[in-house]
Amino acid sequence: MNRSIRPFALVSFAFLAATAVYASDITKSYDMPDASQIVEKDLIDNPMKFTMPKECKLDDTETIARGKYLFHNLNSKAAKESAPKGLAKPKKDEVKAYGNCVACHNIEGAVGGGTVGPPLVAYSKNMIETKARDAQFVYQKIADPRVDNKETSMTINLTSKMFNEQEVCDLTAYVLQVKTEKK
Ligand code: HEC
């Protein structure tokens, strides 16, 4: 009886040993993607110039309302008011990032406006009427602020695909809006 078991036990042992050796080679047990390819994919493209599209309706009240909403809110989950007309709805279980521009910029009606960026209060009066800036400058600054300032600490919104062209138009319209203190 004993003798007939022995060869079988030997084969089993050899099989187990082989399995153990194979399993201990961890490089074979999962994919090891090339990290440099992942980093490459996540990097934002080089600074890009954008021309403000003709379809940007800077005086349109719905456009300005969307810009205001994007400016003052962090994301679709944290927003208290509901999104204004024409703003893309986040997909189910997705949190859409908004501008949170107020974290760095003060502007009329800002709650806790930040000071990392220059205040955008009375922008139209101070910067547009004086011709220090124009709409194209503001559009480009929001789309990709690196074009005129390589060292900028401002967020990159269009090159990074964080926003689409319409959303950059919305924000431009809001910054350019002639504001009274209450708005
Ligand atoms: C992390 C901080 C930060 C955030 C967030 C930020 N900005 Fe800025 N912004 C800056 C800084 C710093 C500057 C000045 C340096 C520069 O021009 O690049 C600036 C400059 C600007 C200017 C140009 C002002 C001028 O005439 O010189 C505009 C317009 C502007 N930001 C709009 C926005 C809008 C709209 C948003 C939201 C989408 C936003 N910023 C988000 C930091 C920020």
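Just so we're clear, the structure is a prediction, and the values are computed from it rather than from any experiment. (Residues numbered from 1 in each chain as written. Predicted model: local features only at pLDDT ≥ 70, side-chain atom pairs only at ≥ 80, totals over all residues.)

A. Main features of the overall build of the protein chain. When helices and strands are tallied, the protein chain shows six helices and zero strands. Counting from the amino terminus, the protein chain carries its helices and strands in the arrangement α-α-α-α-α-α. Across the 183 residues that make up the protein chain, the buried fraction comes to 22%. Long-range contacts, defined here as pairs at least 24 residues apart, represent 59% of the contacts in the protein chain between residues at least 6 apart. (Helix = DSSP H or I, 4+ residues; strand = E, 2+ residues; numbered from the N terminus. Buried ≥ 20, exposed ≤ 12 C-beta atoms within 10 Å, placed from the backbone. Contact = placed C-beta atoms within 7 Å.)

B. Layout of the site of the ligand. Around the ligand, the structure places 25 residues, and the nearest of them are Gly-99, Cys-101, Cys-104, Gly-117 and Thr-152. Broken down by secondary-structure element, the contributors of at least two residues to the shell around the ligand are helix 5 (135-143) and helix 6 (165-176). Examining the composition of the shell around the ligand, we find that three residues originate from one element, helix 5, more than from any other. A per-class count over the shell around the ligand returns 14 nonpolar, nine polar and two charged. (Near = placed C-beta within 6 Å. Nonpolar A, V, L, I, M, F, W, Y, C, P; charged D, E, K, R; others polar.)

C. Spotlight on unusual backbone geometry. Unusually for a residue other than glycine, Ala-122 sits at a positive phi of about 50 degrees. Structurally, Ala-122 is set in the loop between helix 3 (61-72) and helix 4 (123-128). A tally of 15 C-beta atoms within 10 Å means that Ala-122 is categorised as partly exposed. For Lys-131, which is not glycine, the phi torsion reads 65 degrees and is therefore positive. Judged by local crowding, Lys-131 falls into the exposed class, with 7 C-beta atoms found within 10 Å.

D. Spatial organisation of helix 3. Taking 1.5 Å of rise per residue, 12 residues should cover 16 Å, and helix 3 covers 17 Å from first to last C-alpha, within 8% of that figure. Helix 3 sits mainly inside the fold: nine of its 12 residues count as buried. If you check which residues of helix 3 are buried, you get Thr-63, Ile-64, Arg-66, Gly-67, Lys-68, Tyr-69, Leu-70, Phe-71 and His-72. Where helix 3 is buried, its residues meet helix 6. (Expected span 1.5 Å × (residues − 1).)

E. Representation of the environment of Glu-94 in the model. In this structure, Glu-94 sits in the loop between helix 3 and helix 4. On the basis of neighbour counts, which here come to 10 C-beta atoms within 10 Å, the residue Glu-94 falls in the exposed class. Taking the C-alpha atoms as reference points, Glu-94 and Ser-76, separated by 18 residues in sequence, lie 8.7 Å from one another.

F. A look at the nonpolar core. In terms of nonpolar packing, the biggest core is built from 24 residues, with Phe-71, Tyr-139, Ile-142, Val-168, Leu-171, Tyr-174 and Val-175 touching the most fellow members. Elements represented by at least two residues in this core include exactly helix 3, helix 5 and helix 6. With seven residues, helix 6 is the largest single contributor of residues to this core. Look past the residues within four positions of Tyr-174 in its chain and what remains in contact with it is Ile-64, Gly-67, Lys-68 and Phe-71. (Core = buried A, V, L, I, M, F, W, Y, C linked by C-beta atoms within 7 Å.)

G. The arrangement of the packing of helix 3 against helix 6 in detail. As a packed pair, helix 3 and helix 6 sit with axes 7 Å apart at the nearest point and diverge in direction by 95 degrees. Taken together, the axes of helix 3 and helix 6 are roughly perpendicular relative to one another. Judged by residue contacts, Thr-63, Ile-64, Arg-66, Gly-67, Lys-68, Leu-70 and Phe-71 of helix 3 engage Glu-167, Cys-169, Asp-170, Leu-171, Ala-173 and Tyr-174 from helix 6. Here the residues of the contact of helix 3 with helix 6 sort into seven nonpolar, two polar and four charged. (Axes fitted to C-alpha atoms, helices over the stretch in contact; angles between N-to-C directions. Parallel < 35°, antiparallel > 145°, perpendicular 65-115°, else oblique.)

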